[in-house]
Structure formats: structure tokens, C-alpha cells
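Take a look at the letters that make up each chain.
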Amino acid sequence: MSDKATLEINGQKHEFPLVTGTENEVAIDIKTLRGVTGGVTTVDPGYKNTGSCESAITFLDGEKGILRYRGYSIEELADKADFLEVAYLLIFGELPNAEELAKFHADIKKHAVVDDDIKKILDAFPKAAHPMGVLASLTSALTAFNPTSVNVDSEEEMYNAIVRILGKFPILVAWTMRKKHGMPLDYGSTSLGYVENILQMMFKRPDEDYTQNPILVNALDKLLILHADHEQNCSTSTVRITGSSHAGLFVSLSAGISALWGPLHGGANQAVLEMLEAIKEDGGDTKKYMAKAKDKSDPFRLMGFGHRVYKNFDPRAKIIKVAADEVLGDLGVEDPILDIAKGLEKEALEDQYFVDRKLYPNVDFYSGIIYRAMGIPTEMFTVMFALGRLPGWIAQWKEMRTRKEPIGRPRQLYIGETYRPFKEIEKR
Ligand code: ACO
């Protein structure tokens, strides 16, 4: 294959280098495009064809259903690693040895407190506030309590900022939920594993000890691993682009949380459950909703189906489907919502509309079902996604800053009015 791409504009040929990634993906390097063509730009709404960066963190092949973090397959990681090991892997590039992992966890625990004044901010939110909005605000507010900016050229400062947020974020997550449910705000326990501590902080009642259920710990561990990174998705791109202005880590993460909130992205897991509830309330007629999803005059979409990148299957959905069956079986959950979910899944997989468009259940279709069985309120689902995605966002932010990437600033094709003289108000 040639190592150049040729572009002809108005009879003039311009050559651009082809660059090949380690998985033999080929990209056209158009860094010089505007310069050599006298200002010609590209238009690519939704960035469907645009690589915003070079990255060594996550590889995914949507056609083949491959997802790997730093070269390790998601299947092996979900089976053999725990969330903290995966977080370390994503952020620092290698799986930690036992000593490195112990130090990482110990350093995170040192920072597993937040300024008590954060509670005042939390108090000011109405109870009806959506937890994602609260979480985004509290994450941003952390900057006010930890105002020193991070020198990204110092490994030590970078490391400290990272363990700090990994320690504090689960507290914000737990408090966001507990506040809404009128539960006292605790700090968890340093004697517990990272994931066990999250469960305890979320669910411990003030009047009794919290007993860990290994099935739930294992399921949450898997869910967090599966959500930990997904290359340049909407929220991750938001984190990178926010951080590219040299805004701090916490506010960049806060921007990512806001991006994740939307129902076309992380908010889909909540939307899936709400859809299933609505179908149940409406008599459980899945066929009716299948027809609505296919009707182009109806804005309804089957939430939890389809993916921008995976056009064969979502490898995370495969793993999570097994986990969902395990959790529901072990907990002995019988839930009419699940029957509706299974019915929809079966019908969609056999339906020509969905087959033609390669619309398969995505990770969010099953994650909501597990969260529900675990007793996590529906509107906390996307918060749980954010908890899992945190190491990915951190890794991507760190990569972007240490590679000294320029400020993110896309171009546009202007399609508005050309120059027109100002019209006085009485003439309008
Ligand atoms: N239900 C019904 N039809 C759908 C669905 C769906 N869930 N998803 C896509 N389609 C149809 C579209 O109408 C379109 O049909 P057309 O070609 O006849 O016009 C075709 O499939 C392609 O859809 P696009 O929107 O162009 O696909 P895109 O890649 O832009 O969108 C997305 C992907 C946003 C995930 C979409 O499939 C969707 O809205 N799904 C539901 C929301 C969801 O589950 N989001 C979670 C994604 S996973 C994550 O963020 C972790």
C-alpha cells in the first residue's frame, strides 16, 4: 500500500502521509491540509471519520467486537483482574505488581476524605435534583477545596492528583445517593477493598452493620471494569478537549460527567429501565414498542440498542449478559421488567429492521438490569457508569496533557448569511 494519500482540488494535487497504528489501522494525516490548500477544511459532523488524537490506551474494533485496554482483552480483564488493577493499567500503562497495587490502594485510601464543607453544597440542592447534575457540580467544586494546579511535567504531582480523585470520587457518588434518600453521610472504611467500600458507603444503614455480598461485589467489579474506558467517545472527548485548554483535572472530569449524562450516551442505562417500566405500565406489549422503534415518524428508539462503533456486537454486552444472569439467579430475583427485557432482546435480534441496521443490545441494556437487582435506584445508574469511567477519563486526560496536545479547536463550514449592512431597529 502507498504511504501517501493524494487529494486533488481544482486540478491541484496535494499529498498527505498515511499513518498506521499498531493494529494496522490507517489514517490520513491532514495536519497540513489548510496550509497547503489555502484554507480548505473537512466537514465531519459527529466526527464519524475523524481521529481527534493518537492514543495508546484503548483499542476497539467495532466490526469484530474487540475491546482491549493497553493490549489486554476486556474478556480476560473482566475475568481475572479487579477494578483497581484495571484503573492502574489504564492510567499508567502496565498491570501493577502486588507491591505497586498495594501502594496505589494505600495512597487512594489516604485521600478518601472530602472537605466537610462539601456537605453544605450538597445540602443546597433540592432533593429532586438529578444525581448526575449533583455529581458534576461536586466534582467541579473539589477544585475550590484543592486549588493548587497540577504540574503535569511532575510525575509525583500527576500521581498525587490521580490518587486524590480516585479516593474522593466514590465518596461524592455515595453521598449523592444517600442525600437523596435522607441517609447520613459517611466516609466508608479503609479496611475494605475499593469496590466493597463503595458498596458499603452507598448502602450501609446507620442502625446496622453492612454485610458484603460477594456476588454483588463481583458484579459491580465487572461492571466498573467494562465501563472503564472506551476510547474517544463523547464524554472522553469532552474531558480531553476541556483539559486541552489546561483547565484542571477535576473540572475536566466534571465536563465529562455532564457529557455522559445524555440519554444517547451514559444516560442510556437509565433510559433503558424507564423504557422497560413504561412498556410494563402500558400492558407489556413489546411488539407495539418494536413497531414504534421502526416507525420513522415516531421519535421513539429502543434504548440500549445500537452503537456508534459496534456494528456486530458489543463485547461488553456479552460479558454483562452472563453477569446479569448470574446475579439474578444468585439473588433469586424475579422481575417482570426482566421478562420484558428478554422479550425485546429476542424480538429485536430476529427483526429485519434491527438486523439490517446492525442494531444489537449494547452494554447499557444489561447494566441497568443488574443495577436494579442490586438495589441501586434507576437515576443513579449513570452515576455508576461515571464511577467506572473515571480511570479512563483520567488516563485520557493524562495522555493528552503529557503528549502536550494543542488546544482542541475544531473548524466549521460556515453556512450562514454573507455580509449584510446593519439594519436600524425601526426598519426591521
Ligand atoms: N432504535 C431504533 N432505531 C435505531 C436505534 C434504536 N435504538 N438506533 C439506531 N437506529 C436506526 C436509526 O433510526 C437509523 O435508521 P435509518 O438508517 O433508517 O435512518 C440507523 O439505525 C442508524 O442510526 P444512527 O442514529 O445514524 O446511528 P448512530 O451510530 O449515529 O447512533 C446510537 C448510535 C446513538 C447509540 C443509537 O443507536 C441510539 O440512539 N441508540 C439508543 C440509545 C443508546 O442505547 N445509547 C447507548 C449507546 S452505548 C453507550 O453510550 C455506552
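Reading guide: rules and limits
Residues numbered from 1 in each chain as written. Predicted model: local features only at pLDDT ≥ 70, side-chain atom pairs only at ≥ 80, totals over all residues. Heavy atoms only, no water. Helix = DSSP H or I, 4+ residues; strand = E, 2+ residues; numbered from the N terminus. Rg over C-alpha atoms; globule rule 2.2 N^0.38 Å. Buried < 20%, exposed > 50% of the residue type's maximum accessible area, 1.4 Å probe, protein only. Contact = heavy atoms within 4.5 Å. Areas by Shrake-Rupley, 256 points an atom, 1.4 Å probe, with all protein chains shown as cover. Lys, Arg positive; Asp, Glu negative; His and termini not counted. Charge placed at Lys NZ, Arg CZ, Asp CG, Glu CD. Near = heavy atom within 4 Å. Polar contact = N/O pair within 3.5 Å; in protein donor to acceptor, adjacent residues only side chain to side chain. Pairing = 2+ DSSP bridges. Axes fitted to C-alpha atoms, helices over the stretch in contact; angles between N-to-C directions. Parallel < 35°, antiparallel > 145°, perpendicular 65-115°, else oblique. Left-handed = near helix turned anticlockwise from the far one by under 90°. Nonpolar A, V, L, I, M, F, W, Y, C, P; charged D, E, K, R; others polar. Core = buried A, V, L, I, M, F, W, Y, C linked by side-chain atoms within 4.5 Å.

### Thoughts on the overall build of the chain
Line of reasoning, step 1. When helices and strands are counted, the chain shows 18 helices and six strands.
Line of reasoning, step 2. Computed over its C-alpha atoms, the radius of gyration of the chain comes to 23 Å, within 12% of the 22 Å expected for a compact globule of 428 residues.
Line of reasoning, step 3. Projecting the C-alpha coordinates of the chain onto the three principal axes gives extents of approximately 75 × 65 × 55 Å.
Line of reasoning, step 4. Residue burial in the chain is summarised as follows: out of 428 residues, 47% are buried.
Line of reasoning, step 5. For the chain, restricting intrachain contacts to residue pairs at least 6 apart in sequence, the fraction spanning at least 24 positions comes to 71%.
Line of reasoning, step 6. Here the chain displays about 21800 Å² of accessible surface, and carbon together with sulfur accounts for 52% of that area.
Line of reasoning, step 7. Charge-centre separation for the chain: the mean point of 52 positive side chains lies 6 Å from the mean point of 61 negative side chains.

### Some remarks on the site of the ligand
Line of reasoning, step 1. Around the ligand sit 21 residues, and of these Lys296, Arg301, Leu302, Gly304 and Tyr353 come closest.
Line of reasoning, step 2. Separating an oxygen atom of the ligand from a backbone N or O atom of Gly304 is a distance of 2.8 Å.
Line of reasoning, step 3. Contacts to the ligand include Arg308, whose side-chain N or O atom sits 3.0 Å from an oxygen atom.
Line of reasoning, step 4. For the ligand, whose accessible area on its own is 920 Å², the fraction buried by protein is 78%.

### Some remarks on the pairing of strand β1 (residues 4-9)
The side chains of a regular strand alternate between the sheet's two faces.
Line of reasoning, step 1. Here six bridges tie β1 to strand β2 (residues 12-20), and the two strands are oriented antiparallel to one another. Paired with Glu8 across the strands is Lys13, a residue of β2.
Line of reasoning, step 2. From the end of β1 to the start of β2, which pair antiparallel, there are two residues, and Asn10 there has a positive phi angle of about 50°.

### A look at the packing of helix α7 (residues 155-180) against helix α8 (residues 194-203)
Line of reasoning, step 1. One way to put it is that α7 packs onto α8 with a least axis distance of 8 Å and a crossing angle of 25°. Comparing the axis directions of α7 and α8 gives the class roughly parallel. Two packed elements cross with a definite hand, and for α7 against α8 that hand is right-handed. On α8, the residues touching Leu166, Pro170, Ile171, Ala174, Met177 and Arg178 of α7 are Tyr194, Ile198, Gln200, Met201, Met202 and Phe203.
Line of reasoning, step 2. Looking at the contact of α7 with α8 residue by residue, the class counts come to 10 nonpolar, one polar and one charged.

### A look at the environment of Glu399
Line of reasoning, step 1. As for its placement among the helices and strands, Glu399 is situated in helix α18 (residues 381-402).
Line of reasoning, step 2. Classification of Glu399 by relative accessible area gives buried; the value is 10%.
Line of reasoning, step 3. Along the backbone, Glu399 and Glu326 are 73 residues apart, and their C-alpha atoms lie at a distance of 36 Å.
Line of reasoning, step 4. Once you skip the residues sitting within four places of it in the chain, Glu399 turns out to touch Glu54, Ser55, Ala56, Ile57 and Arg240.

### Overview of the nonpolar core
Line of reasoning, step 1. Residues Tyr69 and Leu302 are the most contacted members of the largest nonpolar core, which totals 120 residues.
Line of reasoning, step 2. Ranked by residues supplied to this core, first place goes to α7 with 14 residues.
Line of reasoning, step 3. If we skip the residues at most four places from it in the chain, Tyr69 touches Ile57, Thr58, Ile74, Leu77, Val86, Leu89, Leu90, Ile225, Leu226, His227, Ala228 and Asp229.

### Observations regarding the sheet that holds strand β3 (residues 26-28)
Line of reasoning, step 1. Spatially, the three strands line up as an open sheet ordered β1-β2-β3, and their pairing is antiparallel. The sheet is open, and its two borders are formed by β1 and β3, each paired with just one other strand. Here the strands of the sheet are splayed against their neighbours by 30° on average, with no regard to which way each runs.

### Quick look at the sheet that holds strand β4 (residues 58-61)
Line of reasoning, step 1. Taken together, three strands build an open sheet; the order of strands is β4-β5-β6 and the sheet is antiparallel. Of all the strands in the sheet, just β4 and β6 (72-73) have a single pairing partner and so form its edges.
Line of reasoning, step 2. Inspection of the sheet shows β4 paired to strand β5 (residues 66-69) by four bridges, in the antiparallel sense. Bridge pairing in β5 links Leu60 to Leu67.

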